[in-house]
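Each chain is listed here by its residues.
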Amino acid sequence: MKKIILIMAVLFISCGNVSAEEYNLNAYFRGNLQYENIEFPDKSKYIVLEFSGNWEDSLGNYGDIRCLSSQFTNSNTELALEAFCKAKDQKKVEFWIKLKRESYEFAGVGKSKYLFANAQFKSLINKECTYAVQLVEGGGIFKKKCKLTKDELSKLKSKN
């Protein structure tokens, strides 16, 4: 019985690796975040942020990214955030993503979705991925992980 369970576990892990590949994108935001805000009597606030930086992915691509974000933070510093970003790689190929999260003000985990893209990034349109962000003094760090099929990864690797 133990052998059967072990064989099934190995097959499950192997099959999982065959059907899904991981694609990662990291962004590093720099400088002061530009923002406007409105504070309410209960210490909650509405903030509009603009931030930019550089990104790199697990396939060796890299480039610039710029984001605009609106967020509402309640008096417990719980956050509702929606952001839109435009990125360009080293060959000027562009893609646009939407970020959404509900967590704490300076760090958290959320979902991102590719809205539009050119060339090889077209294979990611409508793809939802998990991301995490941490704001630090002088900028922030953004890490995104996507589970892709072999076909999606193959299209992303093509330089069309």
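Please refer to the structure higher up on the page.
If you're wondering where the values come from, they're calculated on a predicted model, not measured in any experiment.

(A) Broad picture of the pattern of salt bridges. Scanning the model with the defined rule gives seven salt bridges in all. The partner of E50 in a salt bridge is R66, with the nearest N and O atoms 3.1 Å apart. Pair noted here: E50 is in strand β3 (residues 45-57) and R66 is in strand β4 (residues 62-73), with a separation of 16 residues, a long-range link. By relative accessible area, which is 34% here, E50 ends up partly exposed. Here R66 falls in the partly exposed class, since its relative accessible area comes to 45%. Between K127 and E152 there is a salt bridge, with its nearest N and O atoms 3.2 Å apart. Taken together, the residues K127 in the loop between β7 (107-117) and β8 (128-136) and E152 in helix α2 (residues 150-157) connect sequence positions 25 residues apart. For the pair shown, K127 and E152 are each scored as buried. Sharing partners across several salt bridges, the network here consists of E22, K145 and K147.

(B) Structural context of the environment of N118. Relative to the assigned elements, N118 resides in the loop between β7 and β8. C-alpha separation for the pair N118 and E94, spaced 24 residues apart in sequence, amounts to 5.7 Å.

(C) Highlighting the pairing of strand β9 (residues 139-148). Taken together, the 10 bridges between strand β1 (residues 21-30) and β9 define a ladder with antiparallel strand orientation. When the bridges of β9 are listed, Y28 appears paired with I141. As paired elements, β8 and β9 share seven bridges and run antiparallel to each other. Bridge assignment links L135 to a residue of β9, and that residue is G140. From the end of β8 to the start of β9, which pair antiparallel, there are two residues, and G138 there has a positive phi angle of about 90°.

Cut-off values and rules
- Residues numbered from 1 in each chain as written.
- Predicted model: local features only at pLDDT ≥ 70, side-chain atom pairs only at ≥ 80, totals over all residues.
- Heavy atoms only, no water.
- Salt bridge = Lys/Arg side-chain N within 4 Å of Asp/Glu carboxyl O.
- Helix = DSSP H or I, 4+ residues; strand = E, 2+ residues; numbered from the N terminus.
- Buried < 20%, exposed > 50% of the residue type's maximum accessible area, 1.4 Å probe, protein only.
- Pairing = 2+ DSSP bridges.

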